[in-house]
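# Geometric and topological summary
The lines below spell out each chain.
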Amino acid sequence: MIILGKTVIVFQIVEFFYGLFMSSEVAYYTYIYAKVEKKHYQEVTGHTKAASLFGRSMSGIVAQLTASFNLLDYHQLNYLTLSASVLATIWSLFLPSVSQSIYFHRTSSSDEERDKQVDLQSVTIDHQLQYRSSSQESLRNDENGRAKCRCFAGFRSPLFHKIRKAYALLWKHFVQAYTNYRVLKWSVWWALSTCGYLQIINFIQLLWQTAVKPGDMIYNGAVDFIYAILGAITVFCVGKVHLNWTLIGDVMLGIFSLLEGVILVAASYSYNIWFLYAGYIIFGVIYHTMVTVASFEVAKYISEDSYGLIFGVNMFFALASQSLLMLIVVNILELELSRQFFVYGSYFVVLAMIYIVIGIVNLVQHRRSGEGFHFWVGSDNKSPTQNANGSRNTTSFKSESE
């Protein structure tokens with residue numbers, strides 16, 4: 001659409017389809033989790049995030065080289081984007097499929113019992129209607145009864161029954177996930193940090209333009225390449241390293257969010273393009289590293305059937321928060337660009353303070369419990385806190401599927 005038009009309405013439509021792309025990214029991660037065992041979730045999360053960032057790094061270097069050597073202009077780069085999207089779509093058609101839908105093809109003994117009860121109720125209704133039809137005086141009641149029977153028959157259809165079970169299970173998984181303190185804690189940071197990250201990548205190039213002098217060479221593509229390739233390396237490594245995130249996760253989230261906030265506040269006052277480039281690289285690497293940790297930490301404490309649901313809800317709240325933030329900062333307050341970045345930096349500082357306080361409280365409680373501070377755990381081991389919570393969660397999920 002960008003190729004065919006350059007009006008504001010076209011770009012607004014593009015943003016709508018960009019939202020659909022973000023939802024397909026959630027489906028991609030859900031697909032990966034459906035194809036591997038749970039013990040490999042941390043590793044495959046690192047692999048998939050690294051693959052995504054590697055692709056972004058390739059796009060950055062191609063854009064930089066083609067622009068630097070005047071091979072293509074910025075508008076013609078959209079043709080490369082379109083070609084890559086078509087190739088990715090074709091490639092996805094050859095991926096092995098998941099055997100069945102998680103929510104719409106579940107069978108259990110309890111479901112069969114409910115089906116039998118529904119069938120018995122329907123038979124009782126049919127007998128009552130037949131008895132009424134024997135009386136000439138209750139003809140009108142008989143017609144109404146048959147209409148009700150047809151309605152009940154519709155509600156007893158296999159499709160309606162599957163939909164009803166699916167949405168009941170969706171709600172059950174939603175409640176189970178977000179009543180878990182650790183899932184809620186990591187998910188809130190995930191959604192709010194993604195909100196801030198999306199705002200930054202939307203406006204960072206406009207900020208760079210304020211620091212570029214006429215005639216200067218622009219290295220935006222090269223910066224994207226460096227940031228993405230470093231991010232790919234770090235998220236790949238974090239998928240291999242088994243730290244005790246239950247113990248140190250809150251503090252790490254707070255420290256890195258504080259660093260992101262300081263970078264953005266400093267960027268709002270700076271007109272040095274190299275400082276802005278460096279700050280963007282560090283900001284992006286931190287975000288992708290910690291959101292990778294958030295992904296596999298959330299996955300540890302939710303049902304294996306609900307990854308798509310929870311990840312999708314987190315992304316929905318991230319996009320909704322971004323829309324609200326943009327509405328306030330851009331449309332209502334109408335702040336200039338540097339002031340916007342000051343607001344975004346303050347946003348991350350406030351988020352950091354919250355999680356630093358949570359982390360300190362967690363460490364104090366851990367200290368009072370008399371347990372040792374184990375910052376490193378083996379690939380097959382968990383901290384005592386994780387073992388306790390993991391066993392409870394596993395029990396609940398087993399009882400759900402029985």
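Residues numbered from 1 in each chain as written. Predicted model: local features only at pLDDT ≥ 70, side-chain atom pairs only at ≥ 80, totals over all residues. Heavy atoms only, no water.

We now examine empty space enclosed by the protein. A complete count under the given rule lists two cavities of 30 Å³ or more for this structure. The space that makes up the largest cavity amounts to roughly 70 Å³. Together, Ile-200, Ile-204, Leu-207, Ile-263, Leu-264, Ala-267, Phe-275, Leu-276, Gly-279, Tyr-280, Phe-283 and Phe-341 line the largest cavity. When residues of the lining of the largest cavity are traced back to their parent elements, those giving at least two are α7 (181-211), α9 (245-269) and α10 (273-300). The element that contributes the greatest number of residues to the lining of the largest cavity is α10, accounting for five residues. (1 Å grid on protein atoms, 1.4 Å probe; cavity = no way out; pocket = protein on both sides within 12 Å on 5 of 7 lines; lining within 4 Å. Points joined across faces, edges and corners; volume = space filled by probe spheres on them. Helix = DSSP H or I, 4+ residues; strand = E, 2+ residues; numbered from the N terminus.)

This brings us to the packing of α7 against α10. Here α7 crosses α10 at 160°, and the two axes come no closer than 10 Å. As judged from the angle between their axes, α7 and α10 are roughly antiparallel. Remark: the crossing between α7 and α10 carries left-handed chirality. Of the residues belonging to the contact of α7 with α10, the class tally is 22 nonpolar, five polar and one charged. (Axes fitted to C-alpha atoms, helices over the stretch in contact; angles between N-to-C directions. Parallel < 35°, antiparallel > 145°, perpendicular 65-115°, else oblique. Left-handed = near helix turned anticlockwise from the far one by under 90°. Nonpolar A, V, L, I, M, F, W, Y, C, P; charged D, E, K, R; others polar.)

Residues Leu-82, Val-86, Leu-87, Ile-90, Leu-93 and Phe-94 make up a contiguous nonpolar surface patch of roughly 670 Å² in combined accessible area. Inspection of the secondary structure puts Leu-82 in helix α3 (residues 77-92). Using a relative accessible area of 48% as the deciding quantity, one classes Leu-82 as partly exposed. (Patch = residues over 30% accessible without salt bridge, like charges linked within 9 Å, V, L, I, M, F, W, Y side chains within 5 Å. Areas by Shrake-Rupley, 256 points an atom, 1.4 Å probe, with all protein chains shown as cover. Salt bridge = Lys/Arg side-chain N within 4 Å of Asp/Glu carboxyl O. Buried < 20%, exposed > 50% of the residue type's maximum accessible area, 1.4 Å probe, protein only.)

Moving on, we come to the packing of aromatic side chains. Going through the model one piece at a time under the given rule, you end up with 15 aromatic pairs. Seen in terms of ring centroids, Trp-190 and Phe-311 are 4.9 Å apart; in terms of plane orientation they differ by 70°. Their pairing is edge-to-face. With Trp-190 in helix α7 and Phe-311 in helix α11 (residues 307-332), this residue pair connects regions lying 121 residues apart in the sequence. With a relative accessible area of 6%, Trp-190 lands in the buried category. The interplanar angle of 5° and the centroid separation of 4.1 Å between the aromatic rings of Tyr-197 and Tyr-287 together place this pair among those described as stacked. On the criterion of sequence distance, the pair formed by Tyr-197 in helix α7 and Tyr-287 in helix α10 is long-range, its members being 90 residues apart. For the pair shown, Tyr-197 and Tyr-287 are each scored as buried. One residue, Arg-339, lies across the ring of Phe-342, its end atom 5.5 Å from the ring centre. (Phe/Tyr/Trp six-rings, centres within 6.5 Å; stacked < 30°, edge-to-face > 60°. Lys NZ or Arg CZ within 6 Å of the ring centre and 35° of its normal.)

Below, the discussion takes up the UniProt feature "transmembrane region" (unreviewed entry) in the protein chain. Here the UniProt-annotated "transmembrane region" (unreviewed entry) positions come out as residues 16-33, 188-211, 217-239, 251-271, 277-296, 308-329 and 341-364. Taken end to end, residues 188-211 comprises 100% helix and 0% strand; its first and last C-alpha atoms sit 34 Å apart. Split by type, residues 341-364 is 100% helix and 0% strand. Its first and last C-alpha atoms lie 35 Å apart. (UniProt positions renumbered as here; feature names shortened; annotations may be inferred.)

Topologically, Asn-314 is positioned in helix α11. Among the residues examined, Asn-314 registers a relative accessible area of 2% and is labelled buried. Once residues within four sequence positions are removed from consideration, Asn-314 is found in contact with Tyr-178, Ser-187, Trp-190 and Ala-191. (Contact = heavy atoms within 4.5 Å.)

What follows concerns the nonpolar core. Residues Trp-189, Trp-208, Trp-245, Val-298, Phe-341 and Tyr-344 are the most contacted members of the largest nonpolar core, which totals 65 residues. Top contributing element to this core by residue count: α10, with 16 residues. In this structure Tyr-344 touches Gln-199, Ile-200, Phe-203, Leu-264, Leu-325, Val-329 and Val-330, once residues within four positions along its chain are discounted. (Core = buried A, V, L, I, M, F, W, Y, C linked by side-chain atoms within 4.5 Å.)

Right, let's get into the environment of Phe-275. Looking at the element boundaries, Phe-275 is found in helix α10. Considering only alpha carbons, one finds Phe-275 and Ile-263, twelve residues apart in sequence, at a separation of 9.5 Å. Discounting residues that sit within four places of it in the chain, Phe-275 has contacts with Ala-266, Ala-267 and Ser-270.

Scanning all chains against the criterion turns up four salt bridges. Linking Asp-224 and Arg-56 is a salt bridge whose minimum nitrogen-to-oxygen distance equals 3.7 Å. Of this pair, Asp-224 sits in helix α8 (residues 220-238) while Arg-56 sits in helix α2 (residues 41-68), and the two are 168 residues apart along the sequence. By relative accessible area, which is 26% here, Arg-56 ends up partly exposed. The partner of Lys-185 in a salt bridge is Asp-250, and the shortest N-O contact between them spans 3.1 Å. Placement of Lys-185 in helix α7 and of Asp-250 in helix α9 is noted, with a sequence separation of 65 residues between them. We classify Lys-185 as buried; its relative accessible area is 9%. For Asp-250, a relative accessible area of 1% puts it in the buried group.

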